[in-house]
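Descriptive structure summary
Each chain, written out:
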Amino acid sequence: MPLRIPDRLPAIELLKHENIFVMDDTRAHTQDIRPLRIVILNLMPLKITTETDLVRLLSNTPLQLELFFMKLKSHTPKNTPIEHMMMFYKDFEILRKQKFDGMIITGAPVEQLNFEDVTYWKEMTDIMDWARTNVTSTLFICWAAQAGLYYYYGVPKYPLERKKFGIFKQYPVDTRLPIFRGFDDVFNMPHSRHSEIRRDDILRDSRLQIIAESPESGVSIVMARGGREFYITGHMEYAPDTLDKEYRRDKDVRDDVDVPVDYYTGDNPENGPHVTWRAHANLFYSNWINYYVYQETPYNIEDIR
């Protein structure tokens, strides 16, 4: 089945060139199927890039999904045309009146700030409170994972001396979990962050379950509430060239930017990226949609509690 996304979203044409089947709203209205409703709170600076990354992964499922994009009223993005935001995004105050089968909250370039110092922290906590009773399952990515763990469970974040940057091997703790169906014993995940959460803090709370981790990059995925919440400290959604663009943007500007670990062929930036994470990223998102959204959400979406 195709992914149902708003008419004229730039990702449509980009993904058609990758032979990914997407369906705009006009065509989808002719099908008598209840699509799963997925809302994305996109906090990344380059909105269109992140939209495309997530749509690419969400399209790899036999289920029909209907996407909604949420924006903050308390923050105006500087790197995305206002016309794009007005056409495709709706304020939380509008979307909060609805219920959704799944939600994705992305990372944000604010991780070096204390949570309470983030200008939109109050609205962010309102959204997290709302998600608990209006969404069947939520994915929190990178900074959002740190924010969710801090707000819900009091798990602190810690600054890193050097940026965690590159591709790191991750090990599932319990391969019997449905989220890891079809996974190998090890999988790769891109990371790009200046702070971390620590294993000991998570283990102190019995409501939290570490389900994947790495000797090099630490805790990578935490599950809570039986799969209603997943906290991902890296970026499984990243496109092949994302870390390359970030490295070339920052290497002459910041003093803490190393060559991304295990990313370039032969560890040489001139050779280009060696992509090793996309298969498991697609599988992870497909498993999430199937086992933790589709299998768990009620047919009557108003029954979500």
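Counting from 1, residues in each chain are numbered in the order their sequence is written. Residue-level local features of this predicted model are given only where pLDDT is at least 70; pairs of side-chain atoms are given and counted only at 80 or more, and the full residue set underlies all totals for whole chains, interfaces and linings. Excluding hydrogens and water, the side-chain figures rest on all heavy atoms present in the structure.

Considering the overall build of the protein chain
Secondary structure elements are taken from DSSP: a helix is a run of H or I of four residues or more, a strand is a run of E of two residues or more, and numbering for both begins at the N terminus. A tally of helices and strands in the protein chain yields ten helices and twelve strands. Put simply, the radius of gyration uses C-alpha atoms, and a globule should come to 2.2 Å times the residue count raised to 0.38. Against the globule reference of 19 Å for 305 residues, the protein chain gives a C-alpha radius of gyration of 18 Å, in line with a compact fold. Viewed in the frame of its principal axes, the protein chain has a C-alpha envelope of about 50 × 45 × 40 Å. Each residue's exposure class comes from its accessible area (1.4 Å probe, protein chains only) as a fraction of the maximum for that residue type: buried when under 20%, exposed when over 50%, partly exposed otherwise. Out of the 305 residues in the protein chain, the part that is buried amounts to 57%. Here, two residues are considered to be in contact whenever any of their heavy atoms come within 4.5 Å of each other. Excluding contacts between residues fewer than 6 apart, the proportion of contacts in the protein chain whose partners are at least 24 apart in sequence is 74%. The accessible surface values rely on the Shrake-Rupley method and a 1.4 Å probe; as for residues, cover is taken only from the protein chains in view. Accessible surface, the protein chain: about 14,100 Å² in total, of which carbon and sulfur atoms supply 48%. Counted as positive: Lys and Arg. Counted as negative: Asp and Glu, with His and the chain ends omitted from the count. Where a charge lies is defined by one atom per residue type: Lys uses NZ, Arg uses CZ, Asp uses CG and Glu uses CD. Positive and negative charge centroids in the protein chain, built from 38 and 45 side chains respectively, lie 4 Å apart.

Concerning helix α6 (residues 121-134)
Here, expected helix span is obtained from the residue count minus one, scaled by 1.5 Å. In a regular helix each residue adds 1.5 Å, so 14 residues correspond to 20 Å; α6 covers 20 Å between its end C-alpha atoms and thus fits that length. Listed in full, the buried residues belonging to α6 are W121, E123, M124, T125, I127, M128, W130, A131 and N134. Looking at the buried residues of α6, the elements they touch are β3 (36-41), β4 (65-71), α5 (92-95), β6 (100-105), β7 (135-141) and α7 (143-153).

Some thoughts on the side chain of N287
Residue position: N287 is located in helix α10 (residues 278-294). Given a relative accessible area of 6%, N287 falls into the buried group. Setting aside residues up to four positions removed in sequence, N287 forms contacts with P178, I179, F180, R181, F183 and Y292.

Regarding the environment of S220
Its location among the elements puts S220 in strand β11 (residues 218-224). Residue S220 is classed as buried on the basis of its relative accessible area, which comes to 0%. S220 has contacts with Q170, M189, A212, E213, Y231, I232 and T233, leaving out every residue within four places of it along the chain. Whenever two N or O atoms come within 3.5 Å, that pair is a polar contact, provided that in protein one can donate a hydrogen and the other can accept it, and provided that, for residues adjacent in sequence, both atoms are side-chain atoms. From its side chain, S220 meets the backbone oxygen of A212 in a polar contact 2.9 Å long.

Remarks on the packing of aromatic side chains
Pairing of aromatic side chains here covers Phe, Tyr and the six-membered ring of Trp, requires ring centres within 6.5 Å, and sorts the geometry by plane angle: under 30 degrees stacked, over 60 edge-to-face, intermediate tilted. Considering all chains together, one arrives at 25 aromatic pairs under this definition. A ring pair is formed by Y152 and Y153, whose centres lie 6.0 Å apart and whose planes are at 75°; its orientation type is edge-to-face. Since its relative accessible area comes to 13%, Y152 is described here as buried. One aromatic cluster is present, built from ring pairs that chain together F115, Y120, W121, F140, W143, Y150, Y151, Y152, Y153 and Y231. A ring is considered to have a charge above it if a Lys NZ or an Arg CZ atom is located within 6 Å of its centre and within 35 degrees of its normal. Against the face of Y152 rests R132, its NZ or CZ located 3.9 Å from the ring centre.

Here's the deal with the nonpolar core
What is meant by a nonpolar core is a set of buried Ala, Val, Leu, Ile, Met, Phe, Trp, Tyr and Cys residues, joined one to another through side-chain atoms within 4.5 Å. Ranked by internal contacts, the top residues of the largest apolar core, which has 40 residues, are M103, M124 and W143. Setting aside residues no more than four positions away along its own chain, M124 makes contact with L41, L43, I105, W143, A144 and A147.

What about the environment of V257?
Structurally, V257 is set in the loop between α9 (242-250) and α10. Sequence separation between V257 and R162 is 95 residues; the distance between their C-alpha atoms is 7.9 Å. Look past the residues within four positions of V257 in its chain and what remains in contact with it is R162, F165, Y247, D250 and K251.

Observations regarding the pairing of β3
Summarising burial for β3: six of the six residues are buried, a large majority. Side chains of β3 alternate between two faces, with L36, I38 and I40 and R37, V39 and L41 buried alike. Pairing between two strands requires that DSSP report at least two bridges joining them. Bridge count between β3 and β4: six bridges; the pairing is parallel. Along β4, the bridge assignment pairs L36 with L65. Here the term right-handed applies to a crossover when the path leading from its first strand over the helix to its second strand runs clockwise, the strands being oriented away from the viewer. Chirality of the crossover, the property in question, places the unit of β3, helix α3 (residues 47-58) and β4 among those that are right-handed. Pairing analysis gives four bridges linking β3 to β6, with the strands arranged parallel. Residue pairing in the sheet places L41 in a bridge with I105 of β6.

Looking at the side chain of E229
Take E229: it is sitting in strand β12 (residues 229-232). At 2.8 Å, the side chain of E229 and the side chain of Y153 are in polar contact. If sequence neighbours within four positions are ignored, E229 has contacts with R132, T138, F140, Y152, Y153, V222, M223 and A224.

Examining α7
Taking burial as the measure, the eleven residues of α7 include nine buried ones, the bulk of the element. Residues W143, A144, A145, Q146, A147, G148, L149, Y152 and Y153 constitute the buried set of α7. Where α7 terminates, the next one or two residues include G154, which has phi positive at roughly 75°.

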